[in-house]
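If you want the building blocks of each chain, they are given just below.
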Amino acid sequence: SQQGEEDPQALSIQEGENATMNCSYKTSINNLQWYRQNSGRGLVHLILIRSNEREKHSGRLRVTLDTSKKSSSLLITASRAADTASYFCATDERGSARQLTFGSGTQLTVLP
Amino acid sequence: GAGVSQTPSNKVTEKGKYVELRCDPISGHTALYWYRQSLGQGPEFLIYFQGTGAADDSGLPNDRFFAVRPEGSVSTLKIQRTERGDSAVYLCASSLTSGENNEQFFGPGTRLTVL
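So, a few notes on the structure that sits alongside this text. Starting from 1, residues in each chain are numbered consecutively following that chain's sequence as written. For this description, chains carry letters from A and ligands carry numbers from 1, given in the order in which they are written. With the structure being a predicted model, the display of local features is reserved for residues of pLDDT at least 70 and the display and counting of side-chain atom pairs for 80 or more, all residues being used for whole-chain, interface and lining totals. Each side-chain value is derived from all of the structure's non-hydrogen atoms; neither hydrogens nor water enter the calculation.

Examining the overall build of chain A
Reasoning step 1: A count of helices and strands for chain A gives 0 helices and 11 strands.
Reasoning step 2: Counting from the N terminus, the helices are DSSP H or I runs at least four residues long and the strands are E runs at least two residues long. Put simply, chain A runs from its N terminus to its C terminus through helices and strands in the order β-β-β-β-β-β-β-β-β-β-β.
Reasoning step 3: Here the C-alpha coordinates of chain A stretch approximately 45 × 25 × 20 Å along the principal axes.
Reasoning step 4: When the 112 residues of chain A are sorted by exposure, 52% land in the buried category.
Reasoning step 5: The Shrake-Rupley method, run with a 1.4 Å probe, gives the accessible areas here. Residue values count only the displayed protein chains as cover. Only carbon and sulfur atoms are counted for the fraction: they give 46% of the accessible area of chain A, which is about 5,000 Å².
Reasoning step 6: The charge count includes Lys and Arg as positive and Asp and Glu as negative, but it does not include His or the ends of the chains. For charged residues, the charge sits on one atom: NZ in Lys, CZ in Arg, CG in Asp, CD in Glu. Across chain A, 13 positive and 11 negative side-chain charges occur, with their mean positions spaced 6 Å apart. For the exposure calls, accessible area comes from a 1.4 Å probe over protein chains only, and a residue counts as buried if that area is under 20% of its type's maximum, exposed if over 50%, partly exposed in between.

Spelled out as structure tokens, the structure:
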């Protein structure tokens, strides 16, 4: 079963604009991770944020985590056409055997 | 270094047939995971190995699905009597350990099509 929901399901922006994607989840977590996937294959790990962290940066990526609201956001600044992909959040649930529980994803299209 | 590899990249089979999907994890990674991804959805957990043993197989949909990892490295996912609903991309991931906050590295997946 899917843990949470990404919002929006699809997002289309112009190159250079910022893209924000949100993720909500349901249970207590050890960490939350964001992945990118191109053309339905090859998940690429973007960033991991621990449950005791509130914000994390990596290059043009900024991730926030609000455990009280059970939500996270991924911000991609100065987007490029190459950022076009599906983005998934995934949670490592407390008490689990370390498997990840993924949301349903946001399809981002960056127009040149 | 080499990442997670999966073979075959594509598999087309007929309903009722048996298939095997292979995963080669990153060398030295003790934890290995299988996920299944249907079109338009996020990956769903199937089974997790710590070493040679299946630590959690709660995601396997039914007893037609089985996975092994006999030497603690390569893993094979086996599907008996395939059904059209088994069509999906099967993803394998590995991580250095199964401790908290360990990144999982994914392979490119095997796209299974059951006709």
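Here's the deal with the interface of chain A and chain B
Reasoning step 1: With 24 residues of chain A in contact, the opposing surface of chain B contributes 28 residues.
Reasoning step 2: Summed over both sides, the interface of chain A with chain B buries roughly 2,000 Å², with 47% coming from carbon and sulfur.
Reasoning step 3: What counts as buried area is the accessible surface, traced by a 1.4 Å probe, that two parts surrender upon association, with contributions from both included. Among the residues of chain A in contact with chain B, R41, R98 and Q99 of chain A are the three that bury the most area, contributing 30% of the side total.
Reasoning step 4: By convention in these notes, a salt bridge is any Lys or Arg side-chain nitrogen within 4 Å of a carboxyl oxygen on Asp or Glu. Where chain A meets chain B, there are 0 salt bridges.
Reasoning step 5: Nitrogen and oxygen atoms within 3.5 Å of one another constitute a polar contact, given that in protein one can donate a hydrogen and the other can accept it, and given that sequence-neighbouring residues count only through two side-chain atoms. Taken together, chain A and chain B are joined by 5 residue pairs in polar contact (both at pLDDT 80 or more).
Reasoning step 6: Of all elements in the fold, only β4 (29-38), β5 (41-50), β9 (85-93) and β10 (100-102) of chain A reach the threshold of two or more residues within the side of chain A that touches chain B.
Reasoning step 7: Only Asp, Glu, Lys and Arg are considered charged in this grouping, and only Ala, Val, Leu, Ile, Met, Phe, Trp, Tyr, Cys and Pro are considered nonpolar; every other residue, Gly among them, is considered polar. Grouping the amino acids of the side of chain A that touches chain B by side-chain chemistry returns 7 nonpolar, 13 polar and 4 charged. Here, two residues are considered to be in contact whenever any of their heavy atoms come within 4.5 Å of each other.

Comments concerning the nonpolar core
Reasoning step 1: L32, W34, L74, I76, Y87 and L108 of chain A are the most contacted members of the largest nonpolar core, which has 21 residues in total.
Reasoning step 2: Setting aside its immediate chain neighbours within four residues, Y87 of chain A contacts E6, M21, Y35, R36, L46, L74, I76, G105, T106 and L108 of chain A.
Reasoning step 3: Working definition of a nonpolar core: buried Ala, Val, Leu, Ile, Met, Phe, Trp, Tyr and Cys residues. They are joined through side-chain atoms within 4.5 Å. Membership of the second largest hydrophobic core comes to 20 residues, among which are W34, L77, A88 and Y90 of chain B.

Some words on the pairing of strand β3 (residues 19-24) of chain A
Two faces, one strand: in a regular strand the side chains alternate between the faces of the sheet.
Residues and elements named next belong to chain A.
Reasoning step 1: Alternating residues of β3 divide into A19, M21 and C23, all buried, and T20, N22 and S24, none buried.
Reasoning step 2: Bridge count between strand β1 (residues 5-7) and β3: 3 bridges; the pairing is antiparallel. Across the sheet, residue E6 finds its bridge partner in β3, namely C23.
Reasoning step 3: The sheet contact formed by β3 and strand β8 (residues 71-76) spans 6 bridges and is antiparallel. Residue A19 lies in a different strand from β8, and its bridge partner there is I76. One requirement defines pairing of two strands: DSSP has to find at least two bridges between them.

Overview of the side chain of S72 of chain A
All names here are of chain A.
Reasoning step 1: Mapping S72 onto the fold places it in strand β8.
Reasoning step 2: There is a polar contact of 3.2 Å between the side chain of S72 and the side chain of W34.
Reasoning step 3: Of note is the side chain of S72, whose polar atom sits 2.7 Å from the backbone oxygen of T64.
Reasoning step 4: Beyond its immediate chain neighbours, meaning those up to four positions away, S72 contacts M21, N22, C23, L32, W34, V63, T64 and L65.

Description of the sheet that holds β8 of chain A
Residues and elements named next belong to chain A.
Reasoning step 1: Taken together, the 5 strands give an open sheet; going across it, the order is β1-β3-β8-β7-β6, and neighbouring strands pair in antiparallel fashion. Of all strands in the sheet, those bounded by a partner on one side alone are β1 and β6 (55-58). Neighbouring strand axes in the sheet, compared pairwise and without regard to direction, differ in orientation by 15° on average.
Reasoning step 2: Taken together, the 6 bridges between strand β7 (residues 61-66) and β8 define a ladder with antiparallel strand orientation. The residue of β8 that forms the bridge with D66 is S71. Inter-axis angles, ranging from 0 to 180 degrees, are taken between N-to-C directions of lines fitted to C-alpha atoms, where helices are fitted over the stretch in contact.

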